Amino acid sequence: MITLHYYPSNASFAPHVLLRELGVPFELQLVDRNQGAHKAPAYLAMNPNGLIPVLVEGDLVLYETAAILLHLADRHAEACLAPAVGSRERALFYKWLFWLSNTMQATMTPYFYPHRFVDDGNADGAAQVKAQAQKRLDGCLRQIDDHLASHRDPWFLGADYSVADPLVFMLCRWTRGFTGSAPARDYAHIGPYLQRMLERPAVRQAVEAEKLPQPVV
């Protein structure tokens with residue numbers, strides 16, 4: 001049995017959607033951030049970074065969202081949620097998966113937690129960090145919108161739904177509270193893409209299970 005250690009609306013959302021998409025048996029284990037459970041010794045023994053999610057499958061303990069997504073794609077290759085290994089499409093899949101994780105998701109941290117990047121009490125510095133992060137995220141959203149416009153197919157990589165889609169959806173959803181620049185839903189091609197994602201049963205089930213507030217994006 002697979003166990004996904006999660007917290008609602010956190011980076012666990014993408015693997016949560018994917019597990020429902022695959023239809024494999026799994027259970028959710030809440031890591032209550034409000035109670036500091038992600039910093040408790042038992043959790044740090046699984047992920048010393050104290051971050052969510054962690055996926056446990058037998059003796060495999062795996063963290064990092066993109067790694068979990070890629071593992072599930074390979075573990076359940078029959079679902080065809082990633083291009084064939086060695087293909088040109090697989091190379092582009094790697095590019096986007098790592099860009100989403102290492103560039104866009106990484107920039108979310110200084111946006112949402114700018115105080116971590118300045119000295120205590122430096123409110124002006126924190127505001128500058130957040131503003132610069134938002135500019136970078138604006139560029140990320142434009143890149144996603146341009147990519148969707150370039151092929152006009154329904155899913156992020158093209159005609160075929162892939163494990164990249166829950167990750168794109170999750171990151172775009174996190175911009176829903178943007179002020180001073182457009183959230184993902186306001187982009188010409190991202191907006192309709194997010195609505196297509198919301199029509200997928202696995203996404204709706206994950207939203208319901210995590211009790212995410214409306215509007216979702």
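Residues numbered from 1 in each chain as written. Predicted model: local features only at pLDDT ≥ 70, side-chain atom pairs only at ≥ 80, totals over all residues. Heavy atoms only, no water.

## A word on the environment of valine 203
Then step 1. Looking at where valine 203 falls in the secondary structure, it is placed in helix H8 (residues 201-209).
Then step 2. Taking C-alpha positions, valine 203 is 39 Å from asparagine 122, a pair spaced 81 residues apart along the chain.
Then step 3. In contact with valine 203, not counting residues within four places along its chain, are Phe13, Val17, Phe169, Met197 and Leu198. (Helix = DSSP H or I, 4+ residues; strand = E, 2+ residues; numbered from the N terminus. Contact = heavy atoms within 4.5 Å.)

## Observations regarding the nonpolar core
Then step 1. Ranked by internal contacts, the top residues of the largest apolar core, which has 63 residues, are Leu100, Met104, Ile144, Phe156, Phe169 and Ile190.
Then step 2. Put simply, the parts of the chain that give this core at least two residues each are strand E1 (2-6), helix H1 (13-22), helix H3 (65-75), helix H4 (88-112), helix H5 (123-151), helix H6 (164-173), helix H7 (190-198) and H8.
Then step 3. For this core, the element with the most residues is H4, which contributes eight residues.
Then step 4. Apart from residues lying up to four places away in sequence, methionine 104 is in contact with Trp99, Leu137, Cys140, Leu141, Ile144 and Leu171.
Then step 5. Judged by nonpolar contacts, the second largest core, of six residues, contains Tyr43, Ile52, Val54 and Val56. (Core = buried A, V, L, I, M, F, W, Y, C linked by side-chain atoms within 4.5 Å. Buried < 20%, exposed > 50% of the residue type's maximum accessible area, 1.4 Å probe, protein only.)

## Topic: the sheet that holds strand E3 (residues 54-57)
Then step 1. As summarised here, the arrangement of the four strands in space is E2-E1-E3-E4, forming an open sheet in which the pairing is mixed. This sheet does not close on itself; its edge strands, each paired only once, are strand E2 (26-30) and strand E4 (60-63). Within this sheet the neighbouring strands show an average axis-to-axis angle of 20°, counted without direction.
Then step 2. Here four bridges tie E3 to E4, and the two strands are oriented antiparallel to one another. For leucine 55, the partnering residue across the bridge sits in E4 and is leucine 62.
Then step 3. The strands touched by H1 are E1 and E2; relative to E2, the strand with the most contacts, the crossing angle is about 160°. (Pairing = 2+ DSSP bridges. Axes fitted to C-alpha atoms, helices over the stretch in contact; angles between N-to-C directions.)

Spatial relationships are all this shows, so hold off on functional conclusions.
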